[in-house]
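Reading the structure
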Amino acid sequence: MSANNDQSPGDPQPALAPQDRVRCRIRFQKFDTLRYTSHLDLASIWERTFRRAGVQLVYSQGFNPRPKIHLAAALPLGYASTCELLDAWVEGLLPDLPDVKDRLNHFAPPGLVVDAVSTVDLRSPALQTLTHSAEYEIVVRETVDHPALQDRIDRLLAESTLMVQKGKRQVDLRPLIFSIDIEPAPADELRIRCELAISQQLGTGRPDLLLSLLDLDPLSADITRTALKLADPAAAA
Amino acid sequence: MSAVSASTFDAINHVLGQNLLRVEKPGRYVGGEYNSIRKDWSAVDLKVALCFPEVYEIGMPNLGLAIFYEILNTQPDMLAERVYLPWIDMESIMRESGLPLYSLETRHPVSEFDILAVTIPYEQLYTNVLQVLSLSGLPIRSRDRDSSMPLVIAGGHACTNPEPMADFIDAFVIGEGEEVILEIADRFRQLKQRELSREDQLTELAQIDGVYVPRFYNPVYKEGGTIDYIEPARPDLPLPVMKRIVSVLPPPPTRLIVPNIDTVHNRVPVEIMRGCTRGCRFCHAGMTTRPVRERPVDDIVNAIEQAIGSTGYEEVALLSLSSSDYTHIVELVDAVSAHYSDRHLSISLPSLRIESSSVDLLESLKDSKRGGFTFAPEAATESMLNTINKVIPSQQLLDVAYEVYRRGWRTIKLYFMIGHPGETLDDVRAIVDLSKSIQAEGRKVHGKKANVNVSVGTFIPKPHTPFQWVAMNTVEQITEKQNLLKRELRGGGLRLRWNRPEETMLEGLLSRGDRRLGPVIARAWELDCRFDAWQEHYNHDAWMQALSDSDLELDFYTFRPRPDDEVFPWDHIDVGVSKRFLLRDYQMSQRGETRGDCRNQCYACGILSKYGVRLKPEPGTWKCPPVEK
């Protein structure tokens, strides 16, 4: 298929042939004030960071061209992350990847840091279809009795189903929970580490729903996504 | 209010950490945007909090504050940080937890700044200003604040009639702020060293051109409530207070802050021209921003280039009151489209005249088809067009509309106003007929897919315009006219928008208000009025109660025609256009006479005689023709 097929008539700029573009996989952190930026707004931040950095993105054709940027898994508002993944289609042949990384970091807003840039095959499956699970570290900001919490966790894990309200429907959270552990932490702090599903087959397990099941306040907890696991680990940036 | 105060940096952050996820759009309250500037507080002498008294996503894109942010932060010994008004959910958390209003950059309480500078572009923000003061822990009235608290200054379009807000603001800036903001900041830095009272500080500041300190001017009223005269407290105070202008437009700001959340305008704004020569009689901006000053094409193109590089924005808006009147508009559009047509940027050019060349302009900017094509005829009959002095023959409008549709646009947006002086129901009905005729032009090209969106505002007489003497329509008159439109402007592809007449009343009341409205605004705020520009928050009954608590009547301010020789509450504020000129223009409108564009001929509005010697137009840009008496 030629890229010219879907071009609007009269467009004076011929689109680049598909081989003149590269699909970059970017691993990045999102933290600090940027935690309060939604998934949707993050796409605009990336578009503007790329433009400032002088890295030309590939745009869709038509009256309302959008840059071709795919984020792996939406990070809920208020969460930090050390492990987000993004695919960006970039104009040109084989860019100097360390240079792209440096430039993006130089022009990124506070709270956005690129850790790795690699290239992936243009035809490889969409990132959203590749995810398997995510790990979260949760710092609980309320006073909790440690053994009692451990007891609640054990009882949750012993259940075969855990129905919770998610928006307007009931979902079973149990198959989405892979692990929950209380982490060693300083005396005045409580840390929970959990691994929850993010996959097209099982669905997405949200840590805030888990906290509610544990009678903890998800709105005052400090939640960081610390690992995003792909079904095929070789695909990670 | 809570007795607890969380005013240190750590305390503020603690309260935010506990509560940000409990409010709508927490990104409003955290700052951290690209290009925002955090300076070391111990290394500067003067700290200014710049405030747009609305929620973040409305205030953030404001160009005026962006200009001051850049000017002040460029000074090595000064800093400026931003403050917006928290939404109602955040307000209650702040009040409960004793969290004071704080700046986004370094999260310092507003009360720790030297100056709080508030921009007030429109009157519905008045109660929000009181809210800003209150959340900052400051007394709302100027008289109750002392020199241990920030100096509170205000500017912006609504301040050409500062009187309704005179009780609350220490000093107003009249006119353009680019130069005077630094003069105020510099003078205030010196005054700070001298341990003066607030009264003495203000005495000094009142010496700066364009600064109006309301406590030094006393209106003396006649029986019946109109003003007899305005008396300055001392003979050395300026009377009138002349607005400030810049003789040449300084380069536009280019290191604009890029927000981390969606705002009402996500774009680079570049002002291509200030002022307007058209003389539409209802237009406050057209009268108060004279004279016309244009930026050279090269400066604009350079500014766009720099701003895109430093922000990464995908959209540029070329701003002015009347883009078609910019002398080199074709060259500008050619240069801009040559640079940017293949860079996935969209360039918008609002305020185009209704003529075929406008269609050419927008077409060369390419992707503008995303929006609709917008025209503002304002009225639909010859007599109304003559009255308001905005004459576009209907046939010309139809021809241009056909051309717009023919070149591919499917939607035309039209802006009309009802309530013009002397308007009849037939004049209103003509809006329906004209809108349908325009759609008929579209149907020749697009059949059933041709759309017309009609926005019908209500005319509000504004100070410093030829219509400042005019009575506004009553709620009943407006409702009758709107009902006619709602009844008749119907059909596939036709959409009508209008404003609630009660909300229009508030703007009418405040626009031509006097100082007696100060207690009314304070009372309305006590009755929980704020966010008056938000339909769902506007509480008309509370405002009416506030008026009656002060023994004042709405009719006096809105529906009362003013005699030719009435002294207005804003007469001691001089925006350059003389009252004599405005009155002559008003009298012409009553006779159905129009006045031409003053690009072609000078009508002696007063600007040139007051400011002419200071103007230094850049080569190739427009300048006023010589004055004719």
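What you see is a predicted model; the values in this text were computed from it and never measured.

Some remarks on the overall build of chain A
Counting its regular elements, chain A contains four helices and 11 strands. Residues classed as buried in chain A amount to 47% of the 237 residues present. Of all intrachain contacts in chain A linking residues separated by at least 6 positions in sequence, the fraction that spans at least 24 positions is 73%. For chain A, the exposed area adds up to about 11400 Å²; of that, 52% sits on carbon and sulfur atoms.

Thoughts on the pairing of strand E10 (residues 268–271) of chain B
Residue and element names in this part refer to chain B. Neither face of E10 is exposed, since Val268 and Val270 on one face and Pro269 and Glu271 on the opposite face are all buried. Sheet topology places E10 next to strand E13 (residues 315–319); four bridges connect them, and they run parallel. Note on E13: the bridge partner recorded for valine 270 is leucine 318.

Re the sheet that holds strand E4 (residues 151–155) of chain B
All names here are of chain B. Strand order in this open sheet of six strands is E2-E1-E3-E4-E5-E6, and the pairing throughout is mixed. Two strands in the sheet have a free side with no partner beyond their single neighbour: strand E2 (78–84) and strand E6 (211–212). By the bridge criterion, five bridges tie strand E3 (residues 115–119) to E4 in an arrangement that is parallel. Looking at E4, one finds that alanine 117 is bridged to isoleucine 153.

Overview of helix H14 (residues 425–446) of chain B
Residue and element names in this part refer to chain B. The end-to-end C-alpha distance of H14, which contains 22 residues, comes to 31 Å, matching closely the 32 Å that a straight helix rising 1.5 Å per residue would cover. Among all positions of H14, only Asp427, Val428, Ala430, Ile431, Val432, Leu434, Ser435, Ile438, Gln439, Glu441, Gly442 and His446 are buried. Buried-residue contacts for H14 involve helix H12 (382–388), helix H13 (394–406), strand E16 (411–418), strand E17 (451–458), helix H15 (475–488) and strand E18 (494–498). Where H14 terminates, the next one or two residues include glycine 447, which has phi positive at roughly 60 degrees.

Focus on the side chain of Arg407(B)
Residue and element names in this part refer to chain B. For arginine 407, the position within the fold is in the loop between H13 and E16. At 2.7 Å, the side chain of arginine 407 forms a polar contact with the side chain of aspartate 360. Among the polar contacts listed, one links the side chain of arginine 407 to the side chain of glutamate 363, at a separation of 2.9 Å.

So, unusual backbone geometry
Note: most residues except glycine have negative phi, and most peptide bonds are trans. Residue Pro240(B) is bonded to the preceding Leu239(B) through a cis peptide linkage, with omega at 0 degrees. In this structure, Pro240(B) sits in the loop between strand E8 (227–232) and strand E9 (241–242). With an omega of -5 degrees, the peptide bond between Arg290(B) and Pro291(B) qualifies as cis. A positive phi is found at Asp32(A), a non-glycine position, where the angle reads about 60 degrees. Of note, Asp32(A) is situated in the loop between strand E1 (21–30) and helix H1 (39–53). Backbone geometry places Ser351(B), a non-glycine residue, at a positive phi of 60 degrees. With respect to the helices and strands, the residue Ser351(B) is situated in the loop between strand E14 (346–348) and helix H11 (356–364). Ser351(B) gets classed as partly exposed once you look at its relative accessible area, which sits at 36%.

Quick look at the sheet that holds E18(B)
Residue and element names in this part refer to chain B. The four strands lie next to each other as E15-E16-E17-E18, forming an open sheet whose pairing is parallel. Of all the strands in the sheet, the pair left with one neighbour each is strand E15 (373–378) and E18. Recorded for the sheet is a direction-independent mean angle of 20 degrees between the axes of neighbouring strands. Direction of pairing for E17 relative to E18: parallel, over a ladder of five bridges.

Let's talk about the nonpolar core
Residue and element names in this part refer to chain B. Within the largest apolar cluster, 184 residues are counted, with the highest numbers of intra-cluster contacts made by Leu318, Leu332 and Ile438. Here the element with the most residues in this core is helix H3 (residues 63–74); it accounts for seven residues. Among residues more than four places away in sequence, those in contact with leucine 332 are Ile272, Val297, Ile300, Val301, Leu318 and Tyr326.

Quick word on the interface of chain B and chain A
Counting residues at the interface gives 31 residues for chain B and 26 residues for chain A. When chain B packs against chain A, close to 2500 Å² is buried across both sides, 56% of that on carbon and sulfur atoms. Two residues, Arg51(A) and Glu314(B), come together in a salt bridge whose shortest N-O distance is 3.9 Å. Looking at the side of chain B that touches chain A, the elements that each hand over two or more residues are helix H1 (9–19) and helix H9 (297–311) of chain B. Ranked by residue count, the leading element in the side of chain B that touches chain A is H9(B), at four residues.

Considerations on the packing of aromatic side chains
Following the criterion strictly, the structure yields 18 aromatic pairs over all chains and no others. A centroid spacing of 6.3 Å and a plane angle of 85 degrees characterise the contact between Tyr79(A) and Tyr136(A), whose relative ring orientation is edge-to-face. Of this pair, Tyr79(A) sits in the loop between strand E2 (69–71) and strand E3 (80–91) while Tyr136(A) sits in strand E5 (residues 131–140), and the two are 57 residues apart along the sequence. Measuring from ring centre to ring centre gives 5.0 Å for Phe373(B) and Trp409(B), while their planes differ by 85 degrees; the resulting arrangement is edge-to-face.

What to know about the packing of helix H6 (residues 180–192) of chain B against helix H7 (residues 198–205) of chain B
Residue and element names in this part refer to chain B. Running from N to C, H6 and H7 cross one another at 140 degrees; their axes reach a closest spacing of 10 Å. Like other packed secondary-structure pairs, H6 and H7 cross with a definite hand, here right-handed. Residues Ile184, Arg187, Phe188 and Leu191 of H6 form the contact with H7, whose participating residues are Arg198, Gln201, Glu204 and Leu205. Grouping the constituent residues of the contact of H6 with H7 by class yields four nonpolar, one polar and three charged.

Definitions and limits used
Residues numbered from 1 in each chain as written. Chains lettered and ligands numbered in written order. Predicted model: local features only at pLDDT ≥ 70, side-chain atom pairs only at ≥ 80, totals over all residues. Heavy atoms only, no water. Helix = DSSP H or I, 4+ residues; strand = E, 2+ residues; numbered from the N terminus. Buried < 20%, exposed > 50% of the residue type's maximum accessible area, 1.4 Å probe, protein only. Contact = heavy atoms within 4.5 Å. Areas by Shrake-Rupley, 256 points an atom, 1.4 Å probe, with all protein chains shown as cover. Pairing = 2+ DSSP bridges. Expected span 1.5 Å × (residues − 1). Polar contact = N/O pair within 3.5 Å; in protein donor to acceptor, adjacent residues only side chain to side chain. Axes fitted to C-alpha atoms, helices over the stretch in contact; angles between N-to-C directions. Core = buried A, V, L, I, M, F, W, Y, C linked by side-chain atoms within 4.5 Å. Buried area = accessible area lost by both parts, 1.4 Å probe. Salt bridge = Lys/Arg side-chain N within 4 Å of Asp/Glu carboxyl O. Phe/Tyr/Trp six-rings, centres within 6.5 Å; stacked < 30°, edge-to-face > 60°. Left-handed = near helix turned anticlockwise from the far one by under 90°. Nonpolar A, V, L, I, M, F, W, Y, C, P; charged D, E, K, R; others polar.

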